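# Descriptive analysis of the structure
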Amino acid sequence: VIENDNSERAWQLFALRNNGDLSNLIFFFPTKSKNQQKNDFLFDSRYSMATNILNGCIHALKLRNVTKENGLLIPENCHYRKFHNRIVIHPTSNDRKKNWLPFQYVKLSLWLKNQGFSISFITSPKERKEWLFVEERGFQLPQFGSLKEASEYIYESGYFIGNDSGIGHLASNLRIPTLTISSNPRIGLWRPDWGIGKVVTIPFPLPNFKGINFRFRENYWQYFIPERRIFKAFQELQKVCNQL
């Protein structure tokens, strides 16, 4: 799967195929590439990465009985969405610039709490200290000894809200209704796509003025996704779940 066809590794692979050393090599391209050949597979931007890989395996690799299942096991002795009104919020990611702002999560949580939901913030042990303040606001901040424990907690929760992060993909894998907040208008391709989900991103592309080192999109995108918009998106997600 070649995300960018301008890397040294990609050039090496193209050369091997062109020279005949790997003539049967098939590339999956998330976006159009001048290096694409007849048997390669170009992703459809209307679908997620997971679905595109599935379709590529079926149509380009001619594989049968292909699914999006990835071996992730359902937690044992846990009950799916047992705490239906519990919303898990994961407010962090591996890049702070990808995160919706703390005060926005708090404001959203207060609105959701007023609607009768129980709010739990989850973080890694290293991040926990800077999020202790949410307990003073009346929200839960459970501690987990392992990712397995966090998975079990998410699996028994009703909903998940968070930034574009691995934990969001985990929640989706567990079939928990997932709302993802992202600065990337092209998040559609990379969105969690196992259970019911919804993505909210900026309404239009924002520039980064790299020439003058003013990264407007990276530093200010959060203000273009107000709390009310996320609240409305959650209500829409909840409506879909209630119809099933």
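This report concerns the structure included in the present document. (Residues numbered from 1 in each chain as written. Predicted model: local features only at pLDDT ≥ 70, side-chain atom pairs only at ≥ 80, totals over all residues. Heavy atoms only, no water.)

### Looking at the overall build of the chain
Heads up, the rule is: Secondary structure counts use DSSP, requiring at least four H or I residues in a row for a helix and at least two E residues in a row for a strand, with both numbered from the N terminus. Whether two residues are in contact is decided by their heavy atoms: any pair within 4.5 Å suffices. Only the protein chains shown count as cover for residues, and the accessible areas themselves come from Shrake-Rupley with a 1.4 Å probe. In this count, Lys and Arg are taken as positive residues and Asp and Glu as negative ones, while His and the chain termini are left out. For charged residues, the charge sits on one atom: NZ in Lys, CZ in Arg, CG in Asp, CD in Glu.
When helices and strands are tallied, the chain shows nine helices and seven strands. Taken over the C-alpha atoms alone, the chain extends approximately 65 × 55 × 35 Å along its principal axes. Of the contacts formed within the chain by residues at least 6 apart in sequence, a portion of 54% connects residues at least 24 apart. Counting every atom, the chain has about 14,300 Å² of accessible surface; 51% of that belongs to carbon and sulfur. The chain carries 33 positive and 21 negative side-chain charges, and their two centres are separated by 6 Å.

### With respect to the sheet that holds strand E6 (residues 178-182)
Formally: Should DSSP find at least two bridges between two strands, the strands are taken to pair. Lines fitted to C-alpha atoms define the axes here, with helix axes fitted over just the stretch in contact, and angles between the N-to-C directions of these axes take values from 0 to 180 degrees.
If you trace the five strands from one edge of the open sheet to the other, you get E4-E3-E5-E6-E7, paired in parallel fashion. Both outer strands of the open sheet, strand E4 (118-121) and strand E7 (197-201), are each paired with one neighbouring strand and no more. Recorded for the sheet is a direction-independent mean angle of 20° between the axes of neighbouring strands. Across four bridges, the pairing between strand E5 (residues 157-163) and E6 is parallel. By the bridge assignment for E6, Ile161 is matched with Leu179.

### A closer look at helix H5 (residues 147-155)
What counts is decided by this rule: With a 1.4 Å probe rolled over the protein chains alone, any residue whose accessible area is under 20% of its type maximum counts as buried; one over 50% counts as exposed, and the rest are partly exposed.
Those residues of H5 that sit buried are Ala150, Ser151, Glu152, Tyr153, Ile154 and Tyr155. As for H5, its buried residues are in contact with strand E3 (83-90), E4, E5 and helix H6 (166-173).

### Description of unusual backbone geometry
A positive phi is found at Asn65, a non-glycine position, where the angle reads about 55°. In this structure, Asn65 sits in the loop between helix H2 (49-59) and E3. The class of Asn65 is exposed, set by a relative accessible area of 78%.

### Examining the environment of Asp44
Cut-off, in case you're wondering: Polar contacts here mean pairs of N or O atoms no more than 3.5 Å apart (in protein, one a potential hydrogen donor and the other a potential acceptor; neighbouring residues in sequence count only if both atoms are side-chain atoms).
Mapped onto the elements, Asp44 comes out in the loop between strand E2 (41-42) and H2. The class for Asp44 is partly exposed, based on a relative accessible area of 23%. Through-space distance from the C-alpha of Asp44 to that of Pro185 is 16 Å; in sequence the pair is 141 residues apart. At a separation of 2.6 Å, a polar atom in the side chain of Asp44 contacts the side chain of Arg46.

### Some remarks on helix H1 (residues 8-18)
The condition is simple: The directions considered for the arc run from the helix axis to the C-beta atoms.
When H1 is considered as a whole, its buried residues turn out to be Ala10, Leu13, Phe14 and Arg17. Buried residues of H1, viewed axially, fall in a sector of 100°; they line one side. Facing away from the buried surface of H1 by more than 90 degrees, the exposed residues are Glu8 and Trp11. Tucked inside the fold, the buried residues of H1 contact strand E1 (28-29). Phi for Gly20, located one or two positions after H1, is positive at around 90°.

Interpretation in functional terms is not warranted from these geometric data alone.
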